[in-house]
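Architecture and fold: a report
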Amino acid sequence: MLFAPTGTFQELSISNGWSHEYLNLAHQFDVYYEKFKKDN
């Protein structure tokens, strides 16, 4: 939920001019989360 399209992190990133960095962070989170799910 933290990285949802209308979540707090996205709203903050857009209003502070770092939406590109947010997208990179969200992608990295998705990759690590999928790896974690596979390992557990």
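Preceding block: the structure.
These numbers were taken from a predicted model, which means no experiment stands behind them.

1. Topic: the overall build of the protein chain
Along the protein chain, the regular secondary structure elements total two helices and zero strands. Seen along its three principal axes, the alpha-carbon backbone of the protein chain occupies a region of about 35 × 15 × 10 Å. Per-residue burial over the protein chain gives 12% buried out of 40 residues. Roughly 3,600 Å² of accessible area belongs to the protein chain as shown, and the carbon and sulfur atoms make up 61% of that amount.

2. Digging into the pattern of salt bridges
All chains considered together, the criterion is met by two salt bridges. The salt bridge involving Glu 34 is made with Lys 37; its shortest N-O contact spans 3.4 Å. In this pair, Glu 34 and Lys 37 are both assigned in helix H2 (residues 19-39), three residues apart and thus about one turn of the helix distant. Between Lys 35 and Asp 39 there is a salt bridge, and its shortest N-O distance comes to 3.2 Å. Highlighted residues: Lys 35 and Asp 39, both in helix H2, separated by four residues, approximately one helical turn. Side by side, Lys 35 and Asp 39 carry an identical accessibility label, which is exposed.

Criteria and cut-off values
- Residues numbered from 1 in each chain as written.
- Predicted model: local features only at pLDDT ≥ 70, side-chain atom pairs only at ≥ 80, totals over all residues.
- Heavy atoms only, no water.
- Helix = DSSP H or I, 4+ residues; strand = E, 2+ residues; numbered from the N terminus.
- Buried < 20%, exposed > 50% of the residue type's maximum accessible area, 1.4 Å probe, protein only.
- Areas by Shrake-Rupley, 256 points an atom, 1.4 Å probe, with all protein chains shown as cover.
- Salt bridge = Lys/Arg side-chain N within 4 Å of Asp/Glu carboxyl O.

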